[in-house]
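Chain and residue survey
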Amino acid sequence: MQVGDRVRIKESVIFYHHPLHRNTAYDGKGLEGEVTAVLSDWQGRPISANFPVIVQFQVEGAKRPFKAHLRENELEVLG
């Protein structure tokens, strides 16, 4: 998985920070977005992040894109 890949959430993932459903449980299964970063190091030191993939989702009606940190096994790359 690399920066710029289009991905889809393949498992049920609950978000509480979705811009249109703030502070309520929102299931993100099926959302499609773009990988903006894969966290593997910080200031030159290797790290082991629990949720290393940052994905940006365009949400219609929101002021800015919705970003989420996810695991690689929760995502599928779209071709």
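Up top is the structure.
What you see is a predicted model, and the numbers here were worked out from it, not measured in a lab. (Residues numbered from 1 in each chain as written. Predicted model: local features only at pLDDT ≥ 70, side-chain atom pairs only at ≥ 80, totals over all residues. Heavy atoms only, no water.)

Examining the pattern of salt bridges
What counts is decided by this rule: When a carboxyl oxygen of Asp or Glu is within 4 Å of a side-chain nitrogen of Lys or Arg, the pair counts as a salt bridge. Each helix corresponds to a stretch of at least 4 residues labelled H or I by DSSP, and each strand to a stretch of at least 2 residues labelled E; elements are numbered beginning at the N terminus. Working definition: with a 1.4 Å probe on protein chains only, accessible area under 20% of the residue-type maximum means buried, over 50% means exposed, and in between means partly exposed.
Taken as a whole, this structure holds four salt bridges when the rule is applied. A salt bridge links Arg-8 to Glu-76, with the shortest nitrogen-to-oxygen separation between them at 3.0 Å. With Arg-8 in strand E1 (residues 6-9) and Glu-76 in strand E9 (residues 75-77), this residue pair connects regions lying 68 residues apart in the sequence. When its relative accessible area of 27% is taken as the criterion, Arg-8 is described as partly exposed. Overlapping salt bridges bring together Arg-6, Arg-8, Glu-32 and Glu-76 as one network.

Some remarks on the side chain of Glu-74
What counts is decided by this rule: Think of a polar contact as two N or O atoms within 3.5 Å of one another; within protein, one of them needs to be a possible hydrogen donor and the other a possible acceptor, and neighboring residues in sequence only count if both atoms come from side chains. Contact definition: two residues touch when any of their heavy atoms are within 4.5 Å.
Considering the arrangement of structural elements, one finds Glu-74 in the loop between strand E8 (66-70) and E9. A distance of 3.0 Å separates a polar side-chain atom of Glu-74 from the backbone nitrogen of Arg-71. When sequence neighbours within four positions are dropped, the list of residues in contact with Glu-74 reads Arg-8, Ile-9, Lys-10, Glu-11 and Val-13.

Focus: the sheet that holds strand E7 (residues 53-57)
Just so we agree on the cut-off: Two strands are said to pair when DSSP picks up at least two bridges between them. Fitting a line to C-alpha atoms yields each axis, with helices limited to the stretch in contact; the angle taken between N-to-C directions then spans 0 to 180 degrees.
Spatially, the five strands line up as an open sheet ordered E8-E7-E4-E1-E9, and their pairing is antiparallel. The sheet is open, and its two edges are formed by E8 and E9, each paired on a single side. With strand direction ignored, the average angle separating the axes of adjacent strands in the sheet is 40 degrees. By the bridge criterion, five bridges tie E7 to E8 in an arrangement that is antiparallel. Opposite Val-53, over in E8, you have Leu-70 as the bridge partner.

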